[in-house]
Amino acid sequence: MVNIILFGPPGSGKGTQSANLIKKYGLIHLSTGDLLRSEIEAQTPLGLEAKKFMDAGQLVPDEVVIGMISSKLDANPDTRGFIFDGFPRTTAQAEALDKLLTLKKTSISAVLSLEVPEDELIKRLLNRGLTSGRSDDANEDVVKARIVEYHNKTAPVADHYAKYGKFRKIKGSGTIDEIFGLLSKEIDDLVVERV
Ligand code: ADP
């Protein structure tokens, strides 16, 4: 299997690029943000609990998102691989994911990190807030809180995977096609290495 973590701060383009990458490589897209928003939409107890954290720009508790990912892995036993988008977002989530994949006799192939300057992130998120209907994008204080959470809790996930030589930085500013080209090149190299 090819299992990619698309990594980077809020607004770095993970969702946009994932949508294109799954088409090209036939992988399954697992976005914890999308999964949580569907739970909110369906007004499940999990969704209602998660919403409080999301509206404040804070991370949802680890056990909630780990449980969601675990059931999605179980639900897709025959896939060629996964693109994880917005997960893992803490070192505890990364350790849990590594264990879940080991149980399935697979592992993370690479972590591709979209690098975007912070002023551009804030601009992109507020701009997305005008059309996305996502309340966490429309409010500048919430956007900034999400970036603070990223620095405090998510950035250390990079070191976790760098230890295993799996972490790669990708220039995340430029056109969508340019960035897609850079990501595809990394994935093509992985696929070739495995043949
Ligand atoms: P973005 O990357 O633009 O912040 P997401 O859709 O990935 O957007 O996430 C939106 C919100 O959902 C986050 O601010 C957080 O509250 C919650 N969330 C998503 N994924 C996770 C996760 N892996 N762990 C904890 N909270 C998460």
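J.: Looking at this structure, I do not really get the overall build of the protein. What am I missing?
T.: A count of helical and extended segments in the protein gives 9 helices and 5 strands. N-terminal to C-terminal, the α/β element order of the protein is β-α-β-α-α-α-β-α-β-α-α-α-β-α. Its C-alpha atoms give the protein a radius of gyration of 16 Å, within 12% of the compact-globule value 16 Å for 195 residues. Along the three orthogonal principal directions, the C-alpha set of the protein runs to about 45 × 40 × 30 Å. Taking the contacts inside the protein whose residues are at least 6 apart along the sequence as the reference set, 75% of them involve residues at least 24 apart. Only carbon and sulfur atoms are counted for the fraction: they give 54% of the accessible area of the protein, which is about 10,000 Å². Separation between the mean location of the 26 positive side-chain charges and that of the 28 negative ones in the protein comes to 3 Å.

J.: Explain the packing of aromatic side chains to me, please; I cannot follow it from the model alone.
T.: Any pair of aromatic rings gets described here by the distance separating the centres and the angle formed by the planes. Taken as a whole and judged by the stated rule, the model has 4 aromatic pairs. Centroid distance Phe-7 to Phe-167: 6.0 Å. Interplanar angle 80°. Geometry classified as edge-to-face. Placement of Phe-7 in strand β1 (residues 2-7) and of Phe-167 in strand β5 (residues 167-171) is noted, with a sequence separation of 160 residues between them. Using a relative accessible area of 21% as the deciding quantity, one classes Phe-167 as partly exposed. Relative to Phe-84, the ring of Phe-82 has its centre 5.8 Å away and its plane inclined at 35°; by these criteria the two rings are tilted.

J.: Help me out: how do you make sense of the environment of Lys-52 in this one?
T.: As for its position among the elements, Lys-52 is in helix α3 (residues 45-55). On a C-alpha basis, the gap between Lys-52 and Ala-162 in space is 32 Å, while along the polypeptide they are 110 residues apart. Engagement of the side chain of Lys-52 in a polar contact is seen with the side chain of Glu-49, the distance being 3.0 Å.

J.: So what exactly am I meant to see when it comes to the site of the ligand here?
T.: If you check the shell around the ligand, you find 20 residues, and the closest are Thr-32, Arg-37, Gln-58, Gly-86 and Arg-128. In the model, a nitrogen atom of the ligand is placed 2.8 Å from a nitrogen or oxygen of the Thr-32 side chain. The side chain of Arg-37 places a nitrogen or oxygen atom 2.8 Å from an oxygen atom of the ligand. Calculation on the ligand without its partners gives an accessible area of 540 Å², and the protein chains cover 97% of this total. Broken down by class, the residue content of the shell around the ligand amounts to 7 nonpolar, 6 polar and 7 charged.

J.: Explanation requested: the sheet that holds β1 in the structure shown.
T.: Note on sheets: strands pair through backbone hydrogen bonds, and any given pair is parallel or antiparallel. As summarised here, the arrangement of the 5 strands in space is β2-β3-β1-β4-β5, forming an open sheet in which the pairing is parallel. What marks the edges here is a single partner per strand, and that holds for β2 (28-31) and β5. When the angles between neighbouring strand axes are averaged without regard to direction, this sheet yields 25°. Looking at chain direction, β1 and strand β4 (residues 110-115) are connected through 4 bridges and run parallel. Residue Leu-6 lies in a different strand from β4, and its bridge partner there is Leu-112. Each of β2 and β3 (81-85) touches helix α4 (residues 62-75); the most contacted strand, β3, lies at about 160° to it. Those strands touched by helix α8 (residues 140-162) are β1, β4 and β5, and its axis lies near 145° from that of β1.

Each value, and the rule that gives it
Residues numbered from 1 in each chain as written. Predicted model: local features only at pLDDT ≥ 70, side-chain atom pairs only at ≥ 80, totals over all residues. Heavy atoms only, no water. Helix = DSSP H or I, 4+ residues; strand = E, 2+ residues; numbered from the N terminus. Rg over C-alpha atoms; globule rule 2.2 N^0.38 Å. Contact = heavy atoms within 4.5 Å. Areas by Shrake-Rupley, 256 points an atom, 1.4 Å probe, with all protein chains shown as cover. Lys, Arg positive; Asp, Glu negative; His and termini not counted. Charge placed at Lys NZ, Arg CZ, Asp CG, Glu CD. Phe/Tyr/Trp six-rings, centres within 6.5 Å; stacked < 30°, edge-to-face > 60°. Buried < 20%, exposed > 50% of the residue type's maximum accessible area, 1.4 Å probe, protein only. Polar contact = N/O pair within 3.5 Å; in protein donor to acceptor, adjacent residues only side chain to side chain. Near = heavy atom within 4 Å. Nonpolar A, V, L, I, M, F, W, Y, C, P; charged D, E, K, R; others polar. Pairing = 2+ DSSP bridges. Axes fitted to C-alpha atoms, helices over the stretch in contact; angles between N-to-C directions.

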